[in-house]
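For reference, the chains in residue letters:
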Amino acid sequence: MKHYIDEVAIKSTKLPGLRDYRFPGRDQDQLFKSDYLHASGDDCSACDTVQVEKRLSRNSDDPVVHYGLIASGNAVMRSAEHRDKLRDVWGVICFEMEAAGLMDDFPCVVIRGICDYSDGHKHKLWQPYGAVVAAAYAKDLLRVIQPQEVENLEEAAKMIKQGTFV
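Here's a quick rundown of the structure. (Residues numbered from 1 in each chain as written. Predicted model: local features only at pLDDT ≥ 70, side-chain atom pairs only at ≥ 80, totals over all residues. Heavy atoms only, no water.)

Residue position: Arg83 is located in helix H2 (residues 80–90). A polar contact of 2.6 Å, which involves the side chain of Arg83, links it to the backbone oxygen of Tyr117. Look past the residues within four positions of Arg83 in its chain and what remains in contact with it is Leu31, Ser34, Met77, Phe95, Tyr117, Ser118 and Asp119. (Helix = DSSP H or I, 4+ residues; strand = E, 2+ residues; numbered from the N terminus. Polar contact = N/O pair within 3.5 Å; in protein donor to acceptor, adjacent residues only side chain to side chain. Contact = heavy atoms within 4.5 Å.)

Dropping the structure here:
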């Protein structure tokens, strides 16, 4: 996974259109206290940095893969307090909208590149890098899954034969 991410970073030095796909930097990773509302604007430059949560130091900037329950819905999660409640009650580790309803029709694995903390401090800075990380993980996953394993999944095989999912 790291190899694929590093390839994008190297290509981004030569292709200006890929510049936003690089790791934005630790200083841009801000988790604000749940009860602190976003000040204003398209980024958090007006937000009070005293309200940033103190977190454990990491030894690396490499992405970490988390496995767990992803809440899927048809609206953007913008409430840190609601996010924390769902985390505590249901064990939800992240929220997404793009795959909402997909599991109802097709059993699948959802891979998310996390790009925000599901609160009011949303901005687009981390989205390109999150996409790169998700794609790198998906590429690694596809390298180890044997096609026979997918064909053995009864429901998926049935849907493929019926042409329900292409």
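Moving on, we get to the pattern of salt bridges. Taken as a whole and assessed by the stated rule, the structure comprises 11 salt bridges. Note that Asp29 is salt-bridged to Arg55, the shortest N-O span being 3.4 Å. One end of the pair, Asp29, is in the loop between helix H1 (2–14) and strand E1 (69–72); the other, Arg55, is in the loop between H1 and E1, and 26 residues separate them in sequence. Assessed through its relative accessible area of 31%, Asp29 is described here as partly exposed. Ionic pairing is found between Arg83 and Asp84, a salt bridge with its closest N-O pair at 2.8 Å. Across the pair, Asp84 and Arg83 agree in class, each one buried. One network of salt bridges, with partners in common, ties together Arg83, Asp84, Arg87, Asp88 and Asp119. (Salt bridge = Lys/Arg side-chain N within 4 Å of Asp/Glu carboxyl O. Buried < 20%, exposed > 50% of the residue type's maximum accessible area, 1.4 Å probe, protein only.)

Note: most residues except glycine have negative phi, and most peptide bonds are trans. The phi torsion at Ser118 lies on the positive side, around 50 degrees, for a residue other than glycine. Within the secondary structure, Ser118 is located in the loop between helix H3 (102–105) and helix H4 (127–144). The class of Ser118 is buried, set by a relative accessible area of 8%.

Time to look at the nonpolar core. If you look at the biggest cluster of nonpolar residues, it comprises eight residues: Tyr4, Ile5, Cys115, Trp126, Tyr129, Val132, Val133 and Ala136. With four residues, H4 is the largest single contributor of residues to this core. Those residues in contact with Trp126 that sit more than four places away from it in its chain are Phe23, Pro24, Gly25, Gln28, Asp29 and Cys115. Formed by five residues, the second largest nonpolar core is a distinct cluster that contains Phe32, Tyr36, Cys47 and Val52. (Core = buried A, V, L, I, M, F, W, Y, C linked by side-chain atoms within 4.5 Å.)

Before going further, it helps to spend a moment on a nonpolar patch on the surface. Taken together, the side chains of Leu69, Val89 and Trp90 define a hydrophobic patch exposed on the protein surface, amounting to about 360 Å² of accessible area. Locating Val89 in the fold gives a position in helix H2. (Patch = residues over 30% accessible without salt bridge, like charges linked within 9 Å, V, L, I, M, F, W, Y side chains within 5 Å. Areas by Shrake-Rupley, 256 points an atom, 1.4 Å probe, with all protein chains shown as cover.)

A few words now on the packing of aromatic side chains. Inspection of every chain in the model, using the stated rule, returns five aromatic pairs. For the ring pair Phe23 and Tyr129, a centre distance of 5.5 Å and an interplane angle of 70 degrees mean the geometry is edge-to-face. With a gap of 106 residues between them, Phe23 in the loop between H1 and E1 and Tyr129 in helix H4 connect regions that are remote in the sequence. In this structure Phe23 comes out as partly exposed when scored by relative accessible area, which is 31%. Through successive ring pairs, a cluster of aromatic residues spans Phe23, Trp126 and Tyr129. (Phe/Tyr/Trp six-rings, centres within 6.5 Å; stacked < 30°, edge-to-face > 60°.)

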